[in-house]
Amino acid sequence: MPINAHPEYIAAEGEYLRAKSVEEKIEKLKKMISYAPSHKGGENLRAQLKTRLKKLLEEKEKSKKSGKSSRTGIKKEDLQAVIIGKSNSGKSSVLTELTNAKAEVSHTHLSTTTPKIGMMNYQGANIQIIENPAIESEYYDKGITNTTDTLIIIINSIQDLKEIETMIGNIQKNKIVLFNKSDLLNLEEKRKISSTLQSKKYNFVLFSSISKEGIELLKEKLFSSFNKIRVYTKEPGKEKSKNPIILKPGATTREVAEKILKGFSEKVKETKIWGPSSKFPGQIVGLNHKLRDLDVVEFKTK
Ligand SMILES: Nc1nc2c(ncn2[C@@H]2O[C@H](COP(=O)(O)OP(=O)(O)O)[C@@H](O)[C@H]2O)c(=O)[nH]1
Ligand SMILES: [Mg+2]
(Lines give C-alpha, C1' and ligand atoms only; values in the text may rest on other atoms or scores of the structure.)
(Ligands and ions follow the chains in the order given, each with its own letter.)
Protein backbone atom coordinates (compact mmCIF):
# COMPACT_ATOMS: atom_id res chain seq x y z
CA MET A 1 0.00 0.00 0.00
CA PRO A 2 1.41 3.41 -0.93
CA ILE A 3 2.17 5.99 1.71
CA ASN A 4 -0.59 8.57 2.21
CA ALA A 5 -3.00 6.51 0.16
CA HIS A 6 -6.49 7.84 -0.28
CA PRO A 7 -9.18 5.80 1.54
CA GLU A 8 -10.89 5.53 -1.85
CA TYR A 9 -7.71 4.05 -3.29
CA ILE A 10 -7.61 1.43 -0.52
CA ALA A 11 -11.27 0.56 -1.08
CA ALA A 12 -10.74 0.25 -4.85
CA GLU A 13 -7.71 -1.97 -4.27
CA GLY A 14 -9.83 -4.30 -2.15
CA GLU A 15 -12.48 -4.45 -4.87
CA TYR A 16 -9.81 -5.10 -7.47
CA LEU A 17 -8.39 -8.00 -5.50
CA ARG A 18 -11.83 -9.54 -5.13
CA ALA A 19 -12.82 -9.02 -8.79
CA LYS A 20 -13.43 -12.26 -10.68
CA SER A 21 -13.79 -11.35 -14.35
CA VAL A 22 -11.31 -9.50 -16.52
CA GLU A 23 -13.94 -6.81 -17.20
CA GLU A 24 -14.45 -6.24 -13.49
CA LYS A 25 -10.69 -6.12 -12.83
CA ILE A 26 -10.30 -3.48 -15.54
CA GLU A 27 -13.06 -1.38 -14.04
CA LYS A 28 -11.59 -1.54 -10.50
CA LEU A 29 -8.06 -0.93 -11.72
CA LYS A 30 -9.17 2.24 -13.51
CA LYS A 31 -10.70 3.37 -10.23
CA MET A 32 -7.42 2.66 -8.41
CA ILE A 33 -5.51 4.71 -10.97
CA SER A 34 -7.86 7.65 -10.56
CA TYR A 35 -7.28 7.65 -6.79
CA ALA A 36 -3.56 6.88 -6.88
CA PRO A 37 -1.40 9.55 -5.19
CA SER A 38 -0.60 12.25 -7.70
CA HIS A 39 2.54 13.53 -5.97
CA LYS A 40 6.05 12.73 -7.21
CA GLY A 41 6.43 9.77 -4.84
CA GLY A 42 3.46 8.05 -6.47
CA GLU A 43 5.00 8.02 -9.95
CA ASN A 44 6.26 4.46 -9.77
CA LEU A 45 3.00 3.16 -8.48
CA ARG A 46 1.02 4.87 -11.24
CA ALA A 47 3.34 3.43 -13.88
CA GLN A 48 2.91 -0.07 -12.42
CA LEU A 49 -0.85 0.22 -12.38
CA LYS A 50 -0.93 1.41 -15.97
CA THR A 51 1.19 -1.54 -17.13
CA ARG A 52 -1.18 -3.89 -15.34
CA LEU A 53 -4.16 -2.22 -17.00
CA LYS A 54 -2.57 -2.57 -20.41
CA LYS A 55 -2.07 -6.31 -19.85
CA LEU A 56 -5.68 -6.75 -18.77
CA LEU A 57 -6.97 -4.87 -21.82
CA GLU A 58 -4.85 -7.12 -24.04
CA GLU A 59 -6.23 -10.19 -22.29
CA LYS A 60 -9.78 -8.98 -22.84
CA GLU A 61 -9.10 -8.38 -26.53
CA LYS A 62 -7.58 -11.84 -26.92
CA SER A 63 -10.52 -13.67 -25.37
CA LYS A 64 -12.86 -11.73 -27.65
CA LYS A 65 -10.90 -12.84 -30.73
CA SER A 66 -10.75 -16.48 -29.70
CA GLY A 67 -14.49 -16.34 -29.35
CA LYS A 68 -14.48 -17.41 -25.71
CA SER A 69 -16.80 -14.71 -24.53
CA SER A 70 -19.88 -13.97 -26.54
CA ARG A 71 -20.83 -10.36 -27.06
CA THR A 72 -24.49 -11.11 -26.88
CA GLY A 73 -25.05 -12.47 -23.40
CA ILE A 74 -27.71 -14.89 -24.66
CA LYS A 75 -28.83 -17.26 -21.94
CA LYS A 76 -28.12 -20.73 -23.24
CA GLU A 77 -30.96 -23.22 -22.94
CA ASP A 78 -30.53 -26.99 -22.38
CA LEU A 79 -30.84 -27.67 -26.11
CA GLN A 80 -29.43 -25.06 -28.45
CA ALA A 81 -28.53 -24.82 -32.13
CA VAL A 82 -26.94 -21.96 -34.07
CA ILE A 83 -27.68 -21.28 -37.73
CA ILE A 84 -24.69 -20.09 -39.74
CA GLY A 85 -24.28 -19.31 -43.42
CA LYS A 86 -23.52 -16.65 -45.97
CA SER A 87 -25.76 -13.66 -46.50
CA ASN A 88 -28.96 -14.37 -48.44
CA SER A 89 -28.58 -18.14 -48.06
CA GLY A 90 -31.91 -18.24 -46.20
CA LYS A 91 -30.92 -18.19 -42.52
CA SER A 92 -33.78 -15.91 -41.46
CA SER A 93 -36.27 -17.91 -43.54
CA VAL A 94 -35.22 -21.15 -41.85
CA LEU A 95 -35.37 -19.58 -38.38
CA THR A 96 -38.88 -18.31 -39.10
CA GLU A 97 -39.89 -21.71 -40.44
CA LEU A 98 -38.64 -23.59 -37.39
CA THR A 99 -39.50 -21.25 -34.55
CA ASN A 100 -41.80 -18.59 -33.19
CA ALA A 101 -39.25 -15.88 -34.10
CA LYS A 102 -40.14 -13.21 -36.61
CA ALA A 103 -36.82 -12.66 -38.31
CA GLU A 104 -36.62 -10.23 -41.17
CA VAL A 105 -36.34 -12.00 -44.52
CA SER A 106 -34.98 -9.72 -47.17
CA HIS A 107 -33.47 -9.48 -50.63
CA THR A 108 -30.90 -6.97 -49.51
CA HIS A 109 -27.60 -8.18 -48.15
CA LEU A 110 -26.90 -8.18 -44.42
CA SER A 111 -30.34 -7.54 -43.07
CA THR A 112 -29.47 -9.40 -39.87
CA THR A 113 -26.86 -7.58 -37.78
CA THR A 114 -27.46 -9.12 -34.34
CA PRO A 115 -28.15 -12.77 -33.46
CA LYS A 116 -31.87 -13.57 -33.59
CA ILE A 117 -33.34 -16.09 -31.16
CA GLY A 118 -36.32 -18.37 -31.57
CA MET A 119 -37.80 -21.33 -29.72
CA MET A 120 -38.81 -24.53 -31.44
CA ASN A 121 -40.99 -27.06 -29.70
CA TYR A 122 -40.26 -30.60 -30.78
CA GLN A 123 -42.69 -33.10 -29.26
CA GLY A 124 -42.65 -31.17 -26.02
CA ALA A 125 -38.91 -30.45 -25.90
CA ASN A 126 -37.87 -26.81 -26.21
CA ILE A 127 -34.97 -26.15 -28.54
CA GLN A 128 -33.41 -22.70 -28.69
CA ILE A 129 -32.34 -21.71 -32.20
CA ILE A 130 -30.19 -18.70 -32.96
CA GLU A 131 -29.50 -17.10 -36.32
CA ASN A 132 -25.94 -15.84 -36.42
CA PRO A 133 -25.45 -12.84 -38.76
CA ALA A 134 -23.83 -13.64 -42.12
CA ILE A 135 -20.51 -15.44 -41.64
CA GLU A 136 -18.62 -13.08 -43.97
CA SER A 137 -19.87 -9.97 -42.15
CA GLU A 138 -18.41 -8.03 -39.24
CA TYR A 139 -21.58 -8.84 -37.27
CA TYR A 140 -20.88 -12.59 -37.25
CA ASP A 141 -20.49 -13.78 -33.64
CA LYS A 142 -17.81 -16.46 -33.30
CA GLY A 143 -18.61 -16.89 -29.63
CA ILE A 144 -22.08 -18.37 -30.10
CA THR A 145 -20.84 -20.69 -32.86
CA ASN A 146 -18.14 -22.01 -30.57
CA THR A 147 -20.30 -22.53 -27.50
CA THR A 148 -23.44 -24.04 -29.00
CA ASP A 149 -24.36 -27.74 -29.12
CA THR A 150 -25.32 -28.08 -32.78
CA LEU A 151 -24.53 -26.04 -35.88
CA ILE A 152 -27.01 -25.77 -38.73
CA ILE A 153 -24.85 -24.85 -41.71
CA ILE A 154 -26.99 -23.33 -44.46
CA ILE A 155 -25.67 -23.56 -47.98
CA ASN A 156 -26.97 -22.93 -51.51
CA SER A 157 -24.12 -24.77 -53.24
CA ILE A 158 -21.33 -27.25 -52.46
CA GLN A 159 -18.90 -24.38 -52.93
CA ASP A 160 -20.62 -22.52 -50.05
CA LEU A 161 -19.91 -25.45 -47.75
CA LYS A 162 -16.20 -25.42 -48.63
CA GLU A 163 -15.97 -21.70 -47.93
CA ILE A 164 -17.81 -21.92 -44.62
CA GLU A 165 -15.68 -24.84 -43.46
CA THR A 166 -12.55 -22.84 -44.17
CA MET A 167 -13.94 -19.95 -42.15
CA ILE A 168 -15.02 -21.92 -39.08
CA GLY A 169 -12.00 -24.22 -39.07
CA ASN A 170 -11.96 -27.59 -37.42
CA ILE A 171 -14.49 -27.16 -34.62
CA GLN A 172 -15.89 -30.24 -32.96
CA LYS A 173 -19.65 -29.73 -33.02
CA ASN A 174 -22.66 -31.66 -34.14
CA LYS A 175 -23.26 -30.36 -37.64
CA ILE A 176 -26.30 -30.47 -39.86
CA VAL A 177 -25.78 -29.25 -43.40
CA LEU A 178 -28.95 -27.68 -44.72
CA PHE A 179 -28.99 -27.29 -48.50
CA ASN A 180 -31.60 -24.54 -48.81
CA LYS A 181 -33.72 -23.41 -51.77
CA SER A 182 -34.25 -26.97 -53.05
CA ASP A 183 -37.37 -25.67 -54.86
CA LEU A 184 -35.00 -24.12 -57.41
CA LEU A 185 -33.43 -27.50 -58.27
CA ASN A 186 -34.58 -30.21 -60.67
CA LEU A 187 -34.50 -33.89 -59.75
CA GLU A 188 -31.16 -34.53 -61.42
CA GLU A 189 -29.51 -31.63 -59.56
CA LYS A 190 -30.94 -32.83 -56.25
CA ARG A 191 -29.65 -36.34 -56.88
CA LYS A 192 -26.14 -35.04 -57.61
CA ILE A 193 -26.03 -32.85 -54.52
CA SER A 194 -27.32 -35.66 -52.31
CA SER A 195 -24.75 -38.12 -53.57
CA THR A 196 -21.89 -35.62 -53.12
CA LEU A 197 -22.89 -34.86 -49.53
CA GLN A 198 -23.53 -38.52 -48.78
CA SER A 199 -20.15 -39.63 -50.10
CA LYS A 200 -18.49 -37.13 -47.74
CA LYS A 201 -20.57 -38.51 -44.85
CA TYR A 202 -22.32 -35.26 -44.04
CA ASN A 203 -25.46 -35.24 -41.94
CA PHE A 204 -27.56 -33.22 -44.39
CA VAL A 205 -31.06 -32.19 -45.40
CA LEU A 206 -32.33 -30.82 -48.70
CA PHE A 207 -34.63 -28.04 -47.63
CA SER A 208 -36.92 -25.36 -48.96
CA SER A 209 -38.60 -22.60 -46.99
CA ILE A 210 -41.03 -22.32 -49.88
CA SER A 211 -42.09 -25.92 -50.63
CA LYS A 212 -41.33 -26.98 -47.00
CA GLU A 213 -39.37 -29.96 -48.29
CA GLY A 214 -37.23 -31.47 -45.52
CA ILE A 215 -38.77 -29.64 -42.58
CA GLU A 216 -39.79 -32.73 -40.58
CA LEU A 217 -36.50 -34.46 -41.33
CA LEU A 218 -34.62 -31.36 -40.17
CA LYS A 219 -36.52 -31.22 -36.86
CA GLU A 220 -35.88 -34.91 -36.27
CA LYS A 221 -32.17 -34.63 -37.08
CA LEU A 222 -31.91 -31.57 -34.88
CA PHE A 223 -33.37 -33.28 -31.83
CA SER A 224 -31.32 -36.44 -32.29
CA SER A 225 -28.12 -34.37 -32.74
CA PHE A 226 -28.24 -33.44 -29.04
CA ASN A 227 -28.16 -37.10 -27.98
CA LYS A 228 -30.64 -36.52 -25.18
CA ILE A 229 -33.69 -38.38 -23.93
CA ARG A 230 -37.12 -37.03 -23.00
CA VAL A 231 -38.69 -38.26 -19.80
CA TYR A 232 -42.19 -37.30 -18.70
CA THR A 233 -43.25 -37.19 -15.08
CA LYS A 234 -46.67 -37.83 -13.64
CA GLU A 235 -48.42 -37.54 -10.34
CA PRO A 236 -50.43 -40.53 -9.05
CA GLY A 237 -53.84 -40.59 -10.69
CA LYS A 238 -53.02 -37.81 -13.15
CA GLU A 239 -51.96 -37.43 -16.80
CA LYS A 240 -48.25 -37.24 -17.69
CA SER A 241 -46.58 -33.81 -17.78
CA LYS A 242 -46.93 -31.76 -20.95
CA ASN A 243 -43.23 -30.99 -21.28
CA PRO A 244 -40.59 -33.66 -20.80
CA ILE A 245 -37.46 -33.35 -18.70
CA ILE A 246 -34.34 -33.48 -20.90
CA LEU A 247 -31.62 -35.88 -19.74
CA LYS A 248 -28.57 -37.75 -20.98
CA PRO A 249 -29.13 -41.32 -22.22
CA GLY A 250 -28.80 -43.72 -19.32
CA ALA A 251 -29.99 -41.17 -16.76
CA THR A 252 -31.63 -42.68 -13.67
CA THR A 253 -34.96 -42.13 -11.94
CA ARG A 254 -32.96 -40.45 -9.13
CA GLU A 255 -31.73 -37.81 -11.61
CA VAL A 256 -35.32 -37.12 -12.65
CA ALA A 257 -36.34 -36.62 -9.01
CA GLU A 258 -33.38 -34.32 -8.41
CA LYS A 259 -34.21 -32.31 -11.53
CA ILE A 260 -37.73 -31.77 -10.23
CA LEU A 261 -36.39 -30.47 -6.94
CA LYS A 262 -32.98 -30.74 -5.29
CA GLY A 263 -33.18 -33.28 -2.43
CA PHE A 264 -36.51 -34.65 -3.67
CA SER A 265 -35.08 -38.15 -4.30
CA GLU A 266 -34.69 -38.60 -0.52
CA LYS A 267 -38.41 -38.14 -0.07
CA VAL A 268 -39.40 -40.75 -2.66
CA LYS A 269 -41.14 -43.87 -1.28
CA GLU A 270 -42.07 -45.59 -4.53
CA THR A 271 -41.28 -45.11 -8.22
CA LYS A 272 -43.34 -46.46 -11.12
CA ILE A 273 -42.49 -46.32 -14.81
CA TRP A 274 -44.23 -46.66 -18.14
CA GLY A 275 -42.66 -46.75 -21.60
CA PRO A 276 -39.60 -48.14 -23.38
CA SER A 277 -37.51 -48.97 -20.29
CA SER A 278 -40.34 -50.73 -18.40
CA LYS A 279 -41.00 -54.47 -18.50
CA PHE A 280 -44.72 -53.74 -18.17
CA PRO A 281 -46.77 -50.57 -17.66
CA GLY A 282 -46.55 -49.26 -14.13
CA GLN A 283 -43.53 -51.37 -13.15
CA ILE A 284 -42.11 -50.48 -9.73
CA VAL A 285 -38.39 -49.66 -9.94
CA GLY A 286 -35.62 -48.31 -7.71
CA LEU A 287 -33.88 -44.96 -7.91
CA ASN A 288 -30.99 -46.44 -9.92
CA HIS A 289 -33.25 -47.53 -12.78
CA LYS A 290 -31.88 -46.35 -16.14
CA LEU A 291 -34.37 -44.55 -18.35
CA ARG A 292 -34.99 -44.45 -22.10
CA ASP A 293 -36.38 -41.80 -24.45
CA LEU A 294 -40.12 -41.18 -23.88
CA ASP A 295 -40.38 -43.00 -20.53
CA VAL A 296 -42.93 -41.78 -17.98
CA VAL A 297 -42.02 -41.72 -14.27
CA GLU A 298 -44.32 -41.44 -11.26
CA PHE A 299 -43.04 -40.74 -7.76
CA LYS A 300 -44.88 -41.40 -4.52
CA THR A 301 -43.46 -39.54 -1.55
CA LYS A 302 -43.16 -40.55 2.10
N1 LIG B 1 -36.51 -19.95 -53.81
C2 LIG B 1 -36.24 -19.84 -52.52
N3 LIG B 1 -35.87 -18.65 -51.98
C4 LIG B 1 -35.61 -18.58 -50.67
C5 LIG B 1 -35.71 -19.73 -49.82
N6 LIG B 1 -35.36 -19.34 -48.56
C7 LIG B 1 -35.09 -18.03 -48.63
N8 LIG B 1 -35.23 -17.56 -49.88
C9 LIG B 1 -35.01 -16.17 -50.35
O10 LIG B 1 -33.64 -15.83 -50.19
C11 LIG B 1 -33.50 -14.46 -49.78
C12 LIG B 1 -32.70 -14.37 -48.51
O13 LIG B 1 -33.40 -14.98 -47.47
P14 LIG B 1 -33.09 -14.68 -45.94
O15 LIG B 1 -33.84 -15.69 -45.15
O16 LIG B 1 -33.30 -13.26 -45.60
O17 LIG B 1 -31.53 -15.01 -45.93
P18 LIG B 1 -30.40 -14.64 -44.84
O19 LIG B 1 -29.74 -13.41 -45.33
O20 LIG B 1 -29.48 -15.82 -44.87
O21 LIG B 1 -31.07 -14.48 -43.51
C22 LIG B 1 -34.91 -13.92 -49.68
O23 LIG B 1 -35.22 -13.25 -50.86
C24 LIG B 1 -35.76 -15.16 -49.50
O25 LIG B 1 -37.07 -14.97 -49.96
C26 LIG B 1 -36.10 -20.99 -50.41
O27 LIG B 1 -36.20 -22.04 -49.78
N28 LIG B 1 -36.35 -20.97 -51.76
MG1 LIG C 1 -30.97 -12.94 -42.07
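The shown structure was predicted, so the numbers you read here are calculated from the model rather than taken from an experiment.

Peer 1: Got a minute to help me understand the site of ligand 1 in this structure?
Peer 2: Close to ligand 1 lie 19 residues; Asn88, Lys91, Ser93, Asp183 and Ser209 are nearest. Between ligand 1 and the protein, one listed contact pairs an oxygen atom with a backbone N or O atom of Gly90 at 2.9 Å. The separation between an oxygen atom of ligand 1 and a polar main-chain atom of Ser92 is 2.9 Å. Isolated, ligand 1 exposes 580 Å² of accessible area, and the fraction of that covered by the protein chains is 87%. Sort the elements by how many residues they give to the shell around ligand 1 and helix H4 (residues 91-98) lands first, with 3 residues. For the shell around ligand 1, the residue count by class is 3 nonpolar, 11 polar and 5 charged.

Peer 1: Whenever I open this one, the sheet that holds strand E1 (residues 80-85) confuses me. Can you help?
Peer 2: The strands making up a sheet associate through hydrogen bonds between their backbones, and the pairing can be parallel or antiparallel. The strand order across the open sheet formed by 6 strands is E2-E3-E1-E4-E5-E6, and the pairing between neighbours is mixed. A strand with exactly one partner marks an edge of an open sheet, and here the two such strands are strand E2 (116-122) and strand E6 (204-206). Across the sheet, the axes of successive neighbouring strands diverge by a mean angle of 25°, strand direction being ignored. Here 6 bridges tie strand E4 (residues 150-155) to strand E5 (residues 174-179), and the two strands are oriented parallel to one another. Considered in E5, the bridge of Ile155 is made with Phe179. Seen against the sheet, helix H7 (residues 187-199) touches E5 and E6 and runs at an angle of roughly 175° to E6. In this fold helix H8 (residues 215-225) packs onto E1, E2, strand E3 (125-131), E4, E5 and E6, with an angle of close to 170° to the strand it touches most, E5.

Peer 1: Just to check I follow, could you spell out the domain arrangement of the protein chain for this structure?
Peer 2: For interface size, the figure often reported is the accessible area lost on association. Domain annotation for the protein chain reports domain 1 (7-65), domain 2 (80-225) and domain 3 (229-301). For domain 1 and domain 3, the distance between their C-alpha centres works out to 52 Å.

Peer 1: When you look at the sheet that holds strand E11 (residues 295-301) in this model, what are you seeing that I'm missing?
Peer 2: The sheet built from 5 strands is open, its strands ordered E8-E7-E11-E9-E10 with mixed pairing. Strands at the two margins of the open sheet, each flanked by one partner only, are strand E8 (245-247) and strand E10 (283-285). Pairs of neighbouring strands in the sheet enclose a mean axial angle of 35°, with direction left out of account. Across 4 bridges, strand E7 (residues 229-234) lies against E11 in parallel orientation. By the bridge assignment, Lys234 is partnered in E11 with Glu298.

How each quantity is defined
Residues numbered from 1 in each chain as written. Chains lettered and ligands numbered in written order. Predicted model: local features only at pLDDT ≥ 70, side-chain atom pairs only at ≥ 80, totals over all residues. Heavy atoms only, no water. Near = heavy atom within 4 Å. Polar contact = N/O pair within 3.5 Å; in protein donor to acceptor, adjacent residues only side chain to side chain. Areas by Shrake-Rupley, 256 points an atom, 1.4 Å probe, with all protein chains shown as cover. Helix = DSSP H or I, 4+ residues; strand = E, 2+ residues; numbered from the N terminus. Nonpolar A, V, L, I, M, F, W, Y, C, P; charged D, E, K, R; others polar. Pairing = 2+ DSSP bridges. Axes fitted to C-alpha atoms, helices over the stretch in contact; angles between N-to-C directions. Contact = heavy atoms within 4.5 Å. Domains from an automatic or database assignment.

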